[in-house]
Amino acid sequence: MTDIRAELREYLLGWFGQYLPANPLLWYDILVLCWLAIFAIILHLIIRNSAKHFLKGRFSERIVQPDAKTPADLAFKLAKHISFVIQGAVVVVQARLWLPEGSGLLHIIEMVTDQWIILFSLLSLFSLLDIFQVISDRRAVRAHFPIRGLLQTIKLIASVLTGILAVSLLMNKSPLILLSGLGALSAVMLLVFKDAILGLVAGIQLSANNMLAVGDWLEMPKYGADGDVIDIALTTVKVRNWDKTITTIPTYALISDSFKNWRGMSESGGRRIKRSIHLEMNSVRFLNEQELTELRKANLLTKYIDTTISSISAENASKDMSCLLNGRRLTNVGTFRHYLIELLKQHPKIHQNMTLMVRQLEPTNKGLPIEIYTFTNTTVWAEYEGIQADIFDHILAILPVFYLKAHESPTGNDVRSLSIGKL
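Rules used throughout
Every residue gets a number counted from 1 within its own chain, in the order that chain's sequence is written. With pLDDT at 70 or above as the cut-off, local features in this predicted model cover only qualifying residues; side-chain atom pairs require 80 or more to be listed or tallied, and sums for whole chains, interfaces and linings still use all residues. Side-chain descriptors were evaluated using all non-hydrogen atoms of the structure, hydrogens and water having been removed beforehand. UniProt positions are given in the numbering used here, feature names are shortened, and annotations may be inferred rather than shown by experiment. Two aromatic rings from Phe, Tyr or Trp, using only the six-membered ring of Trp, form a pair when their centres are within 6.5 Å; if the ring planes differ by under 30 degrees the pair is stacked, by over 60 it is edge-to-face, and anything between is tilted. Think of it this way: any DSSP run of H or I at least four residues long counts as a helix, any run of E at least two long counts as a strand, and we number them from the N terminus. Partly exposed describes any residue whose relative accessible area lies between the buried limit of under 20% and the exposed limit of over 50%, with all areas from a 1.4 Å probe on protein chains only and scaled to the type maximum. A ring has a charge above it when a Lys NZ or an Arg CZ is no more than 6 Å from the ring centre and no more than 35 degrees off the ring normal. How far a helix is expected to stretch is found by multiplying one less than its residue total by 1.5 Å. Only heavy atoms matter for contacts: two residues are in contact if any of them lie within 4.5 Å across the pair. Pairing between strands requires that DSSP locate at least two bridges from one strand to the other. The angle between two axes is taken between their N-to-C directions and runs from 0 to 180 degrees, where each axis is a line fitted to C-alpha atoms and a helix contributes only its stretch in contact. Throughout, nonpolar core names a set of buried Ala, Val, Leu, Ile, Met, Phe, Trp, Tyr and Cys residues whose side chains join them through atoms within 4.5 Å. Confidence of the predictor at the level of single residues is captured by pLDDT, which takes values from 0 to 100.

The name given to the chain in an unreviewed UniProt entry is Mechanosensing system component YbdG, with the source organism recorded as Pseudoalteromonas nigrifaciens. The UniProt entry for the chain carries this comment under Sequence similarities (unreviewed entry): "Belongs to the MscS (TC 1.A.23) family." Looking at the Subcellular location (unreviewed entry) heading of the UniProt record, one finds this comment for the chain: "Cell inner membrane".

Right under this line is the structure:
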């Protein structure tokens, strides 16, 4: 200490010895502690108010509370933690100014403030990483890199290193000695942090291969997940299902197990319709002249019927058409398929640059399947379902026009009606 501080200390000790003769050194230490506490509180209030005033004009959000998740609140929280670090450093400096070297009180203050500075330095790093996370989450176009998992990894590593540093200061040993002793505990460390390590590796693979990002539609039946990805963390991935429940999936399971990502559908601008209508087999037959004349009135069939009949007439000119086995004839199901193709080509909500076809599948005991395979020009779920329903409403309504019937399995009413008829 300087001569002035030494003289002041001697004066105070003499004064305490005169008026409080019991233990002058104790009263002097209490006075120093009170001074350090008052100085730290005043410094904290100055830094806190200065930081609040400084941040208020640089963020559009209002500072609400330190635990809120806005950049303004997190920045205020960071400033508060940094102020605690500064207070710890100032307390150490002040203690060394007013207390003699080697005193027990100075040693205790240095030990406590060292831990204080380490703790709030770690919390300051956490607050800074949280700011990066919030800014990343607010971007209009999110990166596919799982930044939350990376930041959690940094927090985990920083916590371990900070713990080693704190213990080394308490033991008054070099941190390298503790680090060298971790080799024997590596197996235990791997076991304890197994999920974190697997999650980190999985996050890197998901990012490198562009397999998953926040906002993607994920379908993973094994875990009951079918909805939007809302969070990719170090060890878990959260999926908000369509029924608004939340499913949590281990991050490494996305590498070890298979899942379906619907991002390609969303980015393509079209969503597939793949649905069949089953026709009664006994309703399939040839069309006669009168029926063709009626169907020819349909705008979507006029060109097809004229072209096909001309081709068939030329081919059948030299054949005995009194026998149904000779020559070619138009069938109601074939004409129906061509009508559906033209209907889809004219539909304003069908994507014309993607696959579009109407195909006949293998007949089963449920009838003859006619499958619609096409894509809508929207990926919005509600709009997609409406377009699909409108198309099949129309198909079911026009079946009688083509002299076709939809297949239906017998119901209880059918069986009861049959039984009553026999009676």
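It is worth spelling out the packing of aromatic side chains at this point. On inspection of all chains with the given rule, the structure shows nine aromatic pairs. With a centroid separation of 5.6 Å and 90° between ring planes, the pair formed by Phe 84 and Trp 116 is classed as edge-to-face. Taken as a pair, Phe 84 in helix 3 (residues 71-98) and Trp 116 in helix 4 (residues 104-137) lie far apart in primary sequence, 32 residues in all. We classify Phe 84 as buried; its relative accessible area is 16%. Seen in terms of ring centroids, Trp 242 and Trp 381 are 5.4 Å apart; in terms of plane orientation they differ by 55°. Their pairing is tilted. Placement of the pair is Trp 242 in the loop between strand 3 (236-241) and strand 4 (246-250) and Trp 381 in helix 14 (residues 381-398), with a sequence separation of 139 residues. Residue class for Trp 381 comes out partly exposed when judged on its relative accessible area of 42%. What links up through ring pairs into an aromatic cluster is the set Trp 217, Trp 242, Trp 262 and Trp 381. Taking the ring centre of Trp 262 as reference, the NZ or CZ of Arg 271 above it sits at 6.0 Å. The ring of Tyr 403 carries the charged tip of Arg 285 above its face, separated from the ring centre by 4.9 Å.

What follows covers helix 13 (residues 332-346). Every α-helix carries 3.6 residues per turn, so stepping three or four residues along brings you back to the same face. Here helix 13 spans 21 Å end to end across 15 residues, near enough to the 21 Å set by a 1.5 Å rise per residue. All of the buried residues along helix 13 are Asn 332, Val 333, Gly 334, Thr 335, Phe 336, Tyr 339, Leu 340, Ile 341, Leu 343 and Leu 344. Those residues of helix 13 that are buried lie in contact with strand 6 (271-279), helix 11 (289-296), helix 12 (299-316), strand 7 (357-360), strand 8 (368-376) and helix 14.

Right, let's get into the sheet that holds strand 6. Across the sheet, three strands lie side by side as 6-8-7; this open sheet has antiparallel pairing. Two strands in the sheet have a free side with no partner beyond their single neighbour: strand 6 and strand 7. Adjacent strand axes in the sheet meet at a mean angle of 20° when their direction is disregarded. Judged from the four bridges that link them, strand 7 and strand 8 form a sheet pairing that is antiparallel. In the strand pairing of strand 8, Met 357 is matched with Tyr 373. Strands in contact with helix 13 are strand 6, strand 7 and strand 8; relative to strand 8, the strand with the most contacts, it is inclined by about 10°. Helix 14 contacts strand 6 and strand 8 of the sheet and is inclined by roughly 25° relative to strand 6.

The next subject is the nonpolar core. With 32 residues, the main nonpolar core has Phe 336, Leu 340 and Ile 370 as its most contacted residues. For this core, the secondary-structure elements that each account for two or more residues are strand 6, helix 11, helix 12, helix 13, strand 8 and helix 14. Among the elements that take part in this core, helix 13 stands out by supplying seven residues, more than any other. The contacts of Phe 336, once residues within four sequence positions are left out, are Leu 279, Ile 370, Ile 395, Ile 398, Leu 399, Phe 402 and Leu 404. Of all hydrophobic cores here, the second largest spans 12 residues; its members include Leu 206, Leu 212, Met 220 and Ala 225.

Turning our eyes to something else, we now look at unusual backbone geometry. A positive phi angle, near 75°, is found at Lys 244, a position not held by glycine. Examined against the element boundaries, Lys 244 turns out to sit in the loop between strand 3 and strand 4. In the Ramachandran plot, Tyr 403 falls in the positive-phi region, its phi being about 60° despite a non-glycine side chain. Structurally, the position occupied by Tyr 403 is in the loop between helix 14 and helix 15 (412-422). With relative accessibility at 32%, the residue Tyr 403 sits in the partly exposed group.

Strand order in the open sheet formed by five strands is 4-3-2-1-5, with antiparallel pairing between adjacent strands. Since the sheet does not close on itself, it has two edges, and those belong to strand 4 and strand 5 (260-261), each with one partner. Bridge count for strand 2 (residues 225-232) against strand 3 is five bridges, and the pairing is antiparallel. When the bridges of strand 3 are listed, Val 229 appears paired with Val 239.

Position of Gln 388 among the secondary structure elements: in helix 14. Residue classification places Gln 388 among the buried positions, given a relative accessible area of 4%. When residues no more than four places from it in sequence are discounted, the contact partners of Gln 388 are Ile 273 and Arg 275.

Glancing now at the confidence of the model for the chain. Per-chain confidence: the chain averages 79 in pLDDT, with 74% of residues scoring 70 or above. Model confidence for the chain, summarised as mean pLDDT per element, is weakest for helix 1 (residues 3-19) at 54 and strongest for strand 8 at 95. Within the model, the stretch residues 62-67 combines pLDDT values under 50 with 13 contacts to residues more than four positions away or in other chains.

Its location among the elements puts Thr 162 in helix 5 (residues 147-171). Residue classification places Thr 162 among the buried residues on the basis of a relative accessible area of 18%. Aside from chain neighbours lying at most four places away, what touches Thr 162 is Ile 118 and Leu 122.

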